[in-house]
Amino acid sequence: QLTMSLNSSTLLNEENSQGPKRNTECLGTLELQSPSSFQDNPLQQLQLASQEVLEKAKKSGRSKCPRCSSSRMFYCYTCFVPVETVPTKEIPAVKLPLKIDIIKHPNETDGKSTAVHAKLLAPDDVTIYKYPCIPEYEEKRHEIALIFPGPNSVSVKDIAFHLQKYTKKGVYDNDDDCSREPFLKQAKIEPKEEKNLNECISSNRSEGTRLKKIIFIDSTWNQTNKIITDERLQGLLQIELKTRKTCFWRHQKGKPDTYLSTIEAIYYFLVDYHQEILKENYEGQYDNLLFFFSFMYTLIKNAKCSTGKE
């Protein structure tokens, strides 16, 4: 099932443990029909590593997890590792510009969650926690944000401005005037020194408002309340993704198409962050986060086409 996003971001679930097996049995060599437009398949222009390894694994069927020996398709969603037929060296590794914590609801079905995709593809930067076992974030709220829609949520482009209210010593707490000098006592400054001091202050502010970690909740929309109201998440800056539409095949019935799967929310956030905060041209740096997602999208779309459901 899916997760939350109220124009925003969040969570869904993914792959039914039996789904890929059924798909491989009925698909054969079917290829995804060419979409008539980018809207039909917004994943078609991704810059992805070769998915030949997944094609081979699909043909050979389910395989063993090298850690727990469970029978899985492509990867083990409990151990967060590829199965024996999918060598780790043939899976792309994605380096992220910040750390990601994913808080998974205990009732979420492991085999349906796309959160594991992030851990598989960016293992050094992604950590998955099963609620209620989550970190304490209080001391780090000046460098952490939570993806969640709400009345106080801000857009990605406004992150740096709003994080100024969460400096380590709470200098900006309850104070929206972030233009004043926070730490240095005002002193008489010679004109030639003023520029250097202003640059120093600006630099310090930039360091103090740098986002270092982003939190995602992996849960259906109906299950998010227990997590989002946890005292350990209170006071964190909340960010909302408003303009993206999901391609997830388990879309929650009756919910808007802006409800994203977890891996979609992570991907779209990083693309926006790269352009809005890092101020760099996006050239596909994080596209491989959708390495598994896009392949499964194709499998399932083909399966629907072959059975006349699309």
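Bear in mind that the values here come from a model prediction, so they are computed numbers and not experimental data.

## Thoughts on the packing of aromatic side chains
Move 1: All told, the structure shown has seven aromatic pairs when counted by the stated rule.
Move 2: Taking 6.3 Å as the distance between ring centres and 80° as the angle between the ring planes, the aromatic pair formed by F216 and F269 counts as edge-to-face. Linking F216 in strand 8 (residues 213-218) with F269 in helix 7 (residues 262-276), this pair joins segments that are 53 residues apart in sequence.
Move 3: In textbook terms, an aromatic cluster arises when at least three aromatic residues are bridged by ring pairs, as seen for Y75, F291 and F292.
Move 4: One cation-aromatic arrangement involves R72 over Y77; the distance from NZ or CZ to the ring centre is 4.1 Å.

## Quick look at the state of the cysteines
Two cysteines whose sulfur atoms are joined by a covalent bond form what is called a disulfide.
Move 1: Scanning the entire structure with this criterion turns up zero disulfides.
Move 2: C76 carries a free sulfur, and the closest cysteine sulfur to it, the one in C65, is 3.7 Å from it.
Move 3: Assessed through its relative accessible area of 0%, C76 is described here as buried.

## Some details on the pattern of salt bridges
Two side chains bearing opposite charge may form a pair once their charged atoms approach each other closely.
Move 1: Within this structure, the stated rule accounts for 10 salt bridges.
Move 2: The partner of K99 in a salt bridge is D125, with the nearest N and O atoms 2.8 Å apart. With a gap of 26 residues between them, K99 in strand 5 (residues 99-104) and D125 in the loop between helix 3 (115-121) and strand 6 (126-130) connect regions that are remote in the sequence.
Move 3: Residue K212 is joined to E143 by a salt bridge in which the shortest nitrogen-to-oxygen separation is 3.6 Å. Note that K212 is positioned in the loop between helix 5 (191-208) and strand 8 and E143 in the loop between strand 6 and strand 7 (144-147), a separation of 69 residues in sequence.
Move 4: On the basis of relative accessible area, K212 is assigned to the partly exposed category, the value being 42%.
Move 5: Overlapping salt bridges bring together K95, K99 and D125 as one network.

## Some details on the confidence of the model for the chain
Move 1: Across the chain, pLDDT averages 76, with 66% of residues at or above 70.
Move 2: Within the model, the stretch residues 1-39 combines pLDDT values under 50 with 154 contacts to residues more than four positions away or in other chains.
Move 3: For the stretch residues 200-208, pLDDT sits under 50, and the model shows 11 contacts to residues farther than four places along the chain or on other chains.

## A closer look at the nonpolar core
Move 1: Ranked by size, the top nonpolar core spans 57 residues in total, and within it F74, I100, I214, F269, L289 and F292 carry the most contacts.
Move 2: Ranked by residue count, the leading element in this core is helix 7, at nine residues.
Move 3: The residues that make up this core include at least three from each of domain 1 (54-91) and domain 2 (98-165 + 209-309).

## What to know about the pairing of strand 8
Move 1: Where burial is concerned, most of strand 8 is hidden: five out of the six residues are buried.
Move 2: In this structure, strand 5 lies alongside strand 8, joined through six bridges in parallel fashion. Among the inter-strand pairings, K104 is bridged to a residue of strand 8, identified as D218.
Move 3: Pairing geometry for strand 7 and strand 8, over three bridges, is parallel. Looking at the pairing, I144 lines up with K213 of strand 8.

## Remarks on the sheet that holds strand 5
Each strand in a sheet pairs with another by means of backbone hydrogen bonds, the pair being arranged parallel or else antiparallel.
Move 1: Judged by pairing direction, the sheet is parallel, and its five strands sit side by side in the order 6-5-8-7-9 without closing on themselves. Two strands bound the open sheet, and with one partner strand each, they are strand 6 and strand 9 (237-239). Strand after strand, the sheet turns through a mean of 25° between neighbouring axes, direction not considered.
Move 2: As judged from the three bridges shared by strand 7 and strand 9, these two strands associate in the parallel manner.

## Topic: the environment of L270
Move 1: Structurally, L270 can be placed in helix 7.
Move 2: Along the sequence, L270 and I214 sit 56 residues apart, while their C-alpha atoms lie 9.9 Å from each other.
Move 3: Beyond its immediate stretch of four places on either side in the chain, L270 contacts L96, P97, L98, I100, Y286 and L289.

Rules used throughout
Residues numbered from 1 in each chain as written. Predicted model: local features only at pLDDT ≥ 70, side-chain atom pairs only at ≥ 80, totals over all residues. Heavy atoms only, no water. Phe/Tyr/Trp six-rings, centres within 6.5 Å; stacked < 30°, edge-to-face > 60°. Helix = DSSP H or I, 4+ residues; strand = E, 2+ residues; numbered from the N terminus. Lys NZ or Arg CZ within 6 Å of the ring centre and 35° of its normal. Disulfide = S-S within 2.5 Å. Buried < 20%, exposed > 50% of the residue type's maximum accessible area, 1.4 Å probe, protein only. Salt bridge = Lys/Arg side-chain N within 4 Å of Asp/Glu carboxyl O. pLDDT = per-residue confidence, 0-100. Contact = heavy atoms within 4.5 Å. Core = buried A, V, L, I, M, F, W, Y, C linked by side-chain atoms within 4.5 Å. Domains from an automatic or database assignment. Pairing = 2+ DSSP bridges. Axes fitted to C-alpha atoms, helices over the stretch in contact; angles between N-to-C directions.

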